[in-house]
Amino acid sequence: MSTTNQTRRPLVAGNWKLHKTIGESVALVREIKTALAAESRCEVVVAPVFTALAAVRDEIKGSVIKLSAQNVFWESRGAFTGEVSALLLRDVGCDYVIVGHSERRQLFGETDASVNKKVKAVLASSISVIVCVGESLEERKAGKTLQIVSSQVRSALDGLALDHLPNVVIAYEPVWAIGTGVNAEPEEVQQAHETIRGLVAKQFNDSLAKSTRILYGGSVKPENADLLMGQPDVDGALVGGASLTADSFIGIVKAAG
Ligand code: PEP
């Protein structure tokens, strides 16, 4: 299913990963805020480390920037030392949570099943989710990209209610493109996004598929952002490295429209 992204509001999210102190996070978001127009067609989201969420929330108050966490646990309370629930993320002011990032899957043992539980917990707490999917280099070399991505999407969205879909954003992030400086070719990205949209149509319906935003992530920079986000089914970007400085992040936001 191919569509045109003119009808969907673009979204650019900066995933700051394990970078920046509270002071550095506030300074960065202040720079971004100052550079952004008061009215932006593009929705702008930043995802600092947990310890900087409250300070960044205070800094973005009244601006167009929204707050995201980078991870969540699916239970809302209990004996789960070290975990943070969706309820607590809502309490601190998060609008979004990133779930299933490939670093979580690769380094912290997250599975399709745990990603699905997290997606459900986030949506049940009235926060939006940015759920990440993407194939590894081996899977790509074996020609399994669309198969892997499809199975991750199916599983992540399994059992969701129709009225939850407007709060779901899907990020296609080929693992081999993350943090490597090598982005996927725009045509490959479009093909993956079209496949994902078709799956949403099948699992839910055409109208939800047409309104679901699908982001690309993997070495997005101001220099390649235009071409990548110019694809009809690409509705924005999830940005790692290039979100750590205001200039490059703003360059990507501007390319998104
Ligand atoms: C990411 O971490 O989600 C990401 C896309 O990183 P980078 O932009 O650095 O490739």
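Computed from a prediction, not measured in an experiment: that's the story for all the values here.

Caption draft 1: How the structure looks around the environment of P166. The residue P166 is located in the loop between helix 7 (145-157) and strand 6 (168-172) in this model. Using a relative accessible area of 59% as the deciding quantity, one classes P166 as exposed. Once the C-alpha coordinates of P166 and S211 are considered, the two residues, 45 residues apart in sequence, prove to be 7.5 Å apart.

Caption draft 2: Focus on the environment of G62. Within the secondary structure layout, G62 lies in the loop between helix 2 (53-60) and strand 3 (65-69). Sequence separation between G62 and T7 is 55 residues, and the spatial gap between their C-alpha atoms is 26 Å.

Caption draft 3: Geometry of the pattern of salt bridges. Inspection of the entire model under this criterion finds 14 salt bridges. A salt bridge links E43 to R213, with the shortest nitrogen-to-oxygen separation between them at 2.7 Å. With E43 in strand 2 (residues 43-47) and R213 in strand 7 (residues 213-217), the pair connects residues that are 170 residues apart, well separated along the chain. The two residues E43 and R213 agree in class, both being buried. Salt bridges sharing common partners tie together R8, R197, D233 and D235.

Caption draft 4: Layout of the site of the ligand. Among the 14 residues in the neighbourhood of the ligand, the closest are listed as K17, E173, G179, S219 and G240. Within the backbone of S219, an N or O atom sits 2.7 Å from an oxygen atom of the ligand. Here the ligand has 300 Å² of accessible area as a free molecule, and 95% of this is covered by the chains. Taking a 2 Å distance to the grid points as the criterion, the majority of the atoms of the ligand fall inside the second largest pocket. Here the residues of the shell around the ligand sort into 4 nonpolar, 8 polar and 2 charged.

Caption draft 5: Region of the structure containing empty space enclosed by the protein. Per the stated rule, a full pass over the model turns up 1 cavity of 30 Å³ or more. Estimated volume of the largest cavity: approximately 40 Å³. Lining the largest cavity are G100, H101, S102, R105, C132, V133, G134 and E173. Among the elements of the structure, helix 4 (102-107) and strand 5 (128-133) are those that each provide at least two residues to the lining of the largest cavity. Of the residues that constitute the lining of the largest cavity, the class distribution is 2 nonpolar, 4 polar and 2 charged.

Caption draft 6: How the structure looks around the packing of helix 1 (residues 22-35) against helix 11 (residues 246-256). The interhelical angle for the contact between helix 1 and helix 11, taken along N-to-C directions, is 40°, at an axis separation of 9 Å. Here helix 1 is positioned oblique relative to helix 11, judged by the angle of their axes. Considering only the axes of helix 1 and helix 11, their crossing is right-handed. Contacts between helix 1 and helix 11 involve L28, E31, I32 and A35 on the former and, on the latter, A246, F249 and I250. Partitioning the contact of helix 1 with helix 11 into residue classes produces 6 nonpolar, no polar and 1 charged.

Caption draft 7: Seen up close, the nonpolar core. Among the nonpolar cores identified, the biggest contains 70 residues, and V12, I32, I170, Y216 and I252 are the most heavily contacted of them. With near-sequence residues (within four places) excluded, I252 lies in contact with V12, V220, K221, P222, A225, M229, A237, V239 and A242. In this structure, V45, C132, L215 and L238 belong to the second largest nonpolar core, which totals 12 residues.

Caption draft 8: Representation of the packing of aromatic side chains in the model. What the rule picks out here adds up to 3 aromatic pairs. When the ring of F73 is compared with that of W74, the centres are 4.5 Å apart and the planes differ by 35°; the resulting orientation is tilted. Between F73 and F80 the ring centres are 5.0 Å apart and the planes differ by 50°, which places this aromatic pair in the tilted class. Among the residues examined, F73 registers a relative accessible area of 11% and is labelled buried. Connected via pairs of aromatic rings, a cluster forms that spans F73, W74 and F80. In this structure, R104 packs its charged tip against the face of F108, placed 4.2 Å from the ring centre. The ring of W176 has R140 lying over it, and the distance from NZ or CZ to the ring centre is 4.1 Å.

Caption draft 9: Summary view of the layout of surface pockets. Estimated volume of the largest pocket: approximately 380 Å³. Residues belonging to the lining of the largest pocket are distributed by class as follows: 7 nonpolar, 4 polar and 3 charged. Roughly 190 Å³ of internal volume is contained in the second largest pocket. If you trace the second largest pocket, you find 17 residues lining it, with G179, S219, V239, G240 and G241 closest to the centre.

Thresholds applied
- Numbers given to residues run from 1 along each chain, matching the order in which its sequence is written.
- Given that this is a predicted model, residues contribute local features only at a pLDDT of at least 70 and side-chain atom pairs are listed and counted only at 80 or more, while totals for whole chains, interfaces and linings are drawn from all residues.
- Working from all heavy atoms in the structure, the side-chain values ignore hydrogens and water.
- A helix here means a DSSP run of H or I that spans at least four residues, while a strand means a run of E at least two residues long, and both kinds are numbered starting from the N terminus.
- Between buried and exposed lies partly exposed: a residue is buried under 20% and exposed over 50% of the maximum accessible area for its type, with that area taken using a 1.4 Å probe on protein chains only.
- Throughout this description, the term salt bridge denotes a Lys or Arg side-chain nitrogen within 4 Å of a carboxyl oxygen of Asp or Glu.
- We call a residue near a molecule or strand as soon as one heavy atom of that residue lies within 4 Å of the molecule or strand.
- Think of a polar contact as two N or O atoms within 3.5 Å of one another; within protein, one of them needs to be a possible hydrogen donor and the other a possible acceptor, and neighboring residues in sequence only count if both atoms come from side chains.
- The accessible surface values rely on the Shrake-Rupley method and a 1.4 Å probe; as for residues, cover is taken only from the protein chains in view.
- In the cavity and pocket records, a cavity denotes points on a 1 Å grid over the protein atoms alone where a 1.4 Å probe fits but cannot get out, a pocket denotes an open set with protein on both sides within 12 Å along at least 5 of 7 lines, and lining residues are residues with an atom within 4 Å of a point.
- More than half of a molecule's atoms lying within 2 Å of a cavity's or pocket's grid points is what places that molecule inside it.
- For this classification, Asp, Glu, Lys and Arg are treated as charged, while Ala, Val, Leu, Ile, Met, Phe, Trp, Tyr, Cys and Pro are nonpolar and the rest, including Gly, are polar.
- Grid points are joined across faces, edges and corners, and a volume is the space filled by probe spheres set on the points.
- To define axes, lines are fitted to C-alpha atoms, for helices over the stretch in contact only, and angles between the resulting N-to-C directions are given on a 0 to 180 degree scale.
- Note that the term roughly parallel is reserved for angles under 35 degrees, roughly antiparallel for angles over 145, roughly perpendicular for angles of 65 to 115, and oblique for everything else.
- Throughout, a crossing is termed right-handed when the near helix is turned clockwise from the far one, and left-handed when it is turned anticlockwise from it by less than a right angle.
- By the convention used here, residues are in contact when the closest approach between their heavy atoms is within 4.5 Å.
- Definition of nonpolar core: a set of buried residues of the types Ala, Val, Leu, Ile, Met, Phe, Trp, Tyr and Cys, connected through side-chain atoms within 4.5 Å.
- Under the pairing criterion, centres of Phe, Tyr and Trp rings, with the six-membered ring standing for Trp, must be within 6.5 Å; the plane angle then separates stacked pairs below 30 degrees from edge-to-face pairs above 60, leaving the rest tilted.
- As a reminder, the over-ring test applies to NZ of lysine and CZ of arginine, requiring each to be within 6 Å of the ring centre and within 35 degrees of the ring normal.

Functional significance is not addressed by these values, which are geometric in nature.
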